[in-house]
Amino acid sequence: MSKPPVAPPPSTVAGPRLAARAVDLIREYGTGSSRVRALDGLSVDLVERRFTAVMGASGSGKSTFLHCLAGLDRATSGQMLLGGTDLGALDDAALTAIRRDRLGFVFQDGNLLPHLTAGENIDLAASLAGRRTDRAWRRELVERLGVADRLRHLPSELSGGQRQRVAVVRALLGRPDLVVADEPTGALDSESGAALLALLRACVDEFGQTVVMVTHDPSAAAVTDEVVLLRDGRAAGRVDRPTRRTVLERLGALATPAGVVA
Ligand SMILES: Nc1ncnc2c1ncn2[C@@H]1O[C@H](COP(=O)(O)OP(=O)(O)OP(=O)(O)O)[C@@H](O)[C@H]1O
């Protein structure tokens, strides 16, 4: 007896392999009259081994999407697929395991634990997971990000930009398949921002990782392979091989009512 056809998981669909796919994602916060729909039927494909920027006006749902993508938040409905795994179908323990094994997340504010030194923050995930740290890779990361001399300091003794860079080391140390970064250059001066973007670029080009980054900065977006635009919690087009100029144009068009391009 022949089995009914089963849809292939996204990572085996012909064409570029997908690192992740959002399907009709809805995320609501609050109830009743205070209910906010942060994501309103968002569908997005994220191609593996590509550097993707997520852009859109303030409040368009970028951070909410990133949190769903990284398994830090659950959608109200719709699917968030990581490879072939539907994150919404996982219990908390399985979700934690995926975050630990496959994801690196850089938060807007660094999100370091205040009572641990920068170095201890960097090593915490590996030691909790009982994993051995790749010392050479750790040394390369702290040097490339310019925090080698700050590792014995508490987060409160670091600048915002240093905290951000320590958080990047922490996120990249385990060589996760998917690196998710929420405005990683937001707190950095232009030189540190450029070094960080070059490192994220290297994650894709040299190490075969997938990077997804929320940014408001068209120059940062120009370092990526592709920009996904959001508007009012929905997909509002993409910019392939973006330049600062094409990104600015598309963001400008998005700001007008007729500007949504599928
Ligand atoms: N925890 C929450 N509780 C209630 N509303 C929320 C929550 N998180 C986000 N929102 C709302 O959802 C919408 C989308 O927010 P989100 O932070 O995803 O947007 P964003 O595009 O990342 O914005 P920004 O560029 O300003 O960071 C906004 O209207 C926001 O106020």
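Right above here is the structure, for reference.
First, a word on scope: everything that follows refers to the structure included in this document. All values derive from a computational prediction rather than experimental measurement.

**Section: the sheet that holds strand 2 (residues 36-47)**
Read from one edge to the other, the open sheet built from four strands follows the order 2-1-4-5, with strand pairing classed as antiparallel. The open sheet terminates on both sides in strands that have one partner only, identified here as strand 2 and strand 5 (85-86). Here nine bridges tie strand 1 (residues 18-29) to strand 2, and the two strands are oriented antiparallel to one another. Looking across to strand 2, one finds that isoleucine 26 is bridged to aspartate 40. Each of strand 1, strand 2 and strand 4 (77-82) is contacted by helix 1 (residues 62-69), which is oriented at about 120° to strand 1, the strand it contacts most.

**Some points on the environment of alanine 235**
Position of alanine 235 relative to the elements: it lies in strand 10 (residues 234-240). Excluding its chain neighbours within four sequence positions, the residues that come into contact with alanine 235 are Leu42, Ser43, Val44, Val228 and Leu230.

**Describing the sheet that holds strand 9 (residues 226-231)**
Reading across the sheet, the six strands line up as 6-7-8-3-9-10 and stay open at both edges, with mixed pairing between neighbours. A single partner strand is all that each edge strand has here, and the edge strands are strand 6 (103-106) and strand 10. Across the sheet, the mean angle from the axis of one strand to that of its neighbour is 20°, orientation sign disregarded. Judged from the five bridges that link them, strand 7 (residues 178-182) and strand 8 (residues 210-214) form a sheet pairing that is parallel. Its bridge partner being in strand 8, alanine 181 is matched across the sheet by methionine 213. Helix-sheet contacts for helix 5 (residues 160-173) involve strand 6 and strand 7, and the interaxial angle to strand 6 is about 175°. Lying over the sheet, helix 6 (residues 190-205) contacts strand 3 (51-55), strand 7 and strand 8, oriented at roughly 150° with respect to strand 8.

Cut-offs applied
- Residues numbered from 1 in each chain as written.
- Predicted model: local features only at pLDDT ≥ 70, side-chain atom pairs only at ≥ 80, totals over all residues.
- Pairing = 2+ DSSP bridges.
- Helix = DSSP H or I, 4+ residues; strand = E, 2+ residues; numbered from the N terminus.
- Contact = placed C-beta atoms within 7 Å.
- Axes fitted to C-alpha atoms, helices over the stretch in contact; angles between N-to-C directions.

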